[in-house]
Amino acid sequence: MSFSGYDLIVVGSGFFGLTVAERAATQLNKRVLILDRRDHLGGNAYSEAEPETGIEVHRYGAHLFHTSNKRVWEYVNQFTEFTNYQHRVFARAKGQVYSFPMNLGLINQFFGKSHTPDEARELIAKQASEFDSATAANLEEKAISLIGRPLYETFVKDYTTKQWETEPTELSPAIITRLPVRYTFNNRYFNDLYEGLPVDGYTAWLTKMADHPNIEVRLNTDYFDVRDQIPAKTLTVFTGPLDKYFDYAAGELGWRTLDFEMEVLPVGDFQGTSVMNYNDGDVRYTRIHEFRHFHPERDYPTDKTVIVREYSRFAVSGDEPYYPIDSEENRAKLLQYRELAKAEAAEKNILFGGRLGTYKYLDMHMAIGSALSMFDNKISPYFVEGRTPSGSLED
C-alpha cells in the first residue's frame, strides 16, 4: 500500500475531513488521500436505507442541518439541495405530550391556564426565585433558578439523570448555563437562518464532496496501522481521537456515548413526529426517532415504519465517543494535549481538527466552518506561501 505522491493526508472522512480534502483538491489542485477506519464515508453523518422499508436512517443518531453562517450555507449548497424541513421536538412527560423547547404553549398546557407572555414571565420568575442563579451550587439549583421547580422536576430532572447517569445535585451548574423559555408559541427547535435536510440524503451529499479526481478514499484503513508508512513531513490533518494520537500521554479524555435500538413496526406512523423526548425517569431511553418524518416528501411505505430508541451512557474503551465531558480533570488533560498538538504541527506538519481531534462538540455546520478556517489560515498558506503549520487547537 503506497502513501507516496500525495500532497495531503486526511485522517477521517467526516464533515471536517471532507471539507479540508475538497478545498485542497479543488482550490489548490493538490492530491489528497483520505483514510477512514470504517467501511463507509462520512463519519457519524452517514445514513443508509433500512432494507425492509427503504426508509433512510441515520446510523449514528439524527443529524439535522442548520446554520446562520452564510459562507457555510453557500458552501454546502454546492453538493446538495435541501428540503424545507424545520425541526420540531415534542416531550412526553407524565402521560402527556408537550411541544419543546419550553414555550408559551407548553406553559399554558402544563399549568392548565391561558397566560399572556407577560403573565407567563411573571409566573416563571416567581417560581424561579427559590434560588439565586448567580450562586447556584449545582445543576438542580441552577435549573430551578431559571425555570422554577415544577417545570424542572417534570422536564429536566429525570431526563438529565438519564443523560448523565448522575443526579443533577452532583452535576456542575455550568452544564446548564441557560434553559431557553420562549414566551411565544414558536416551537421551532433551532433559530438559525438556514435549515433543511439534504434532498437525496447525507450519504449522497458526503459522496459528492469526495468525488474529485484529485481525491482518493481508502476505507477500512486505520491510520495507526499505517502511519509509519506515510512519508515524513507529509502534511496531515488528523480528525481522530486526540488522546489516542499521543498514546494517552496525559490520560484518557472522558466521553459520553450513545446506544441505538432500531425496530421496524407494522404501522404507518408510530408517534406522528420525528423526535419524541421521554422525560420520565421510569423510561430508560431518552428519546425515540421516527425517521420517516424527516422526509415526508418521499414515497415511503404506509404500512411500516422505523423507530430508533436512543440511550445515553459513559463511554468505555472501544465505544464510539459522542460528547466530550466538561470536567476539571478533562480540562487539565486537554491543556496538555493542546501543547503536544502545537509542537506536533511545527515539527511534523500534523494538524488536528474536528470533534475528536479538538475534544469539542461540533454541530455539522460548526465542523464545516472550522474546516474552512483551517484551510484558509493553515493549509492554503502552507502550500501557497510555504508557511510552516503552527498554532494551537484554538487557532
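Residues numbered from 1 in each chain as written. Predicted model: local features only at pLDDT ≥ 70, side-chain atom pairs only at ≥ 80, totals over all residues. Heavy atoms only, no water.

*Asks:* Lay out the nonpolar core with the relevant residues and their values.
*Replies:* Residues Phe65, Phe155 and Trp205 are the most contacted members of the largest nonpolar core, which totals 99 residues. In terms of residue count, helix α12 (residues 364-385) provides more of this core than any other element does, eight residues in total. Core analysis: the next-biggest nonpolar cluster, separate from the first, contains eight residues, Leu265, Met276, Ile307 and Tyr311 among them. (Core = buried A, V, L, I, M, F, W, Y, C linked by side-chain atoms within 4.5 Å. Buried < 20%, exposed > 50% of the residue type's maximum accessible area, 1.4 Å probe, protein only. Helix = DSSP H or I, 4+ residues; strand = E, 2+ residues; numbered from the N terminus.)

*Asks:* I'd like a rundown of the side chain of Glu320, residues and numbers included.
*Replies:* The residue Glu320 is located in the loop between β14 (305-314) and β15 (323-324) in this model. A polar side-chain atom of Glu320 sits 3.0 Å from a polar atom in the side chain of Arg38. (Polar contact = N/O pair within 3.5 Å; in protein donor to acceptor, adjacent residues only side chain to side chain.)

*Asks:* Quick rundown of unusual backbone geometry? Include the residues and the values.
*Replies:* That bond from Phe100 to Pro101 is cis: its omega, 0 degrees, falls within 30 degrees of zero. We note that Tyr359 has phi near 55 degrees; this positive angle belongs to a residue other than glycine. Along the polypeptide, Tyr359 turns up in the loop between α11 (354-358) and α12. Owing to a relative accessible area of 7%, Tyr359 belongs among the buried residues under this scheme.

*Asks:* Break down the sheet that holds strand β7 (residues 96-100) for me, with residues and values.
*Replies:* Read across the open sheet, the seven strands follow the order β7-β6-β12-β13-β14-β11-β15; overall the sheet is mixed. In this open sheet, the two edge strands, each paired with only one partner strand, are β7 and β15. Taken together, the three bridges between strand β12 (residues 275-278) and strand β13 (residues 287-290) define a ladder with antiparallel strand orientation. Residue Val275 lies in a different strand from β13, and its bridge partner there is His289. (Pairing = 2+ DSSP bridges.)

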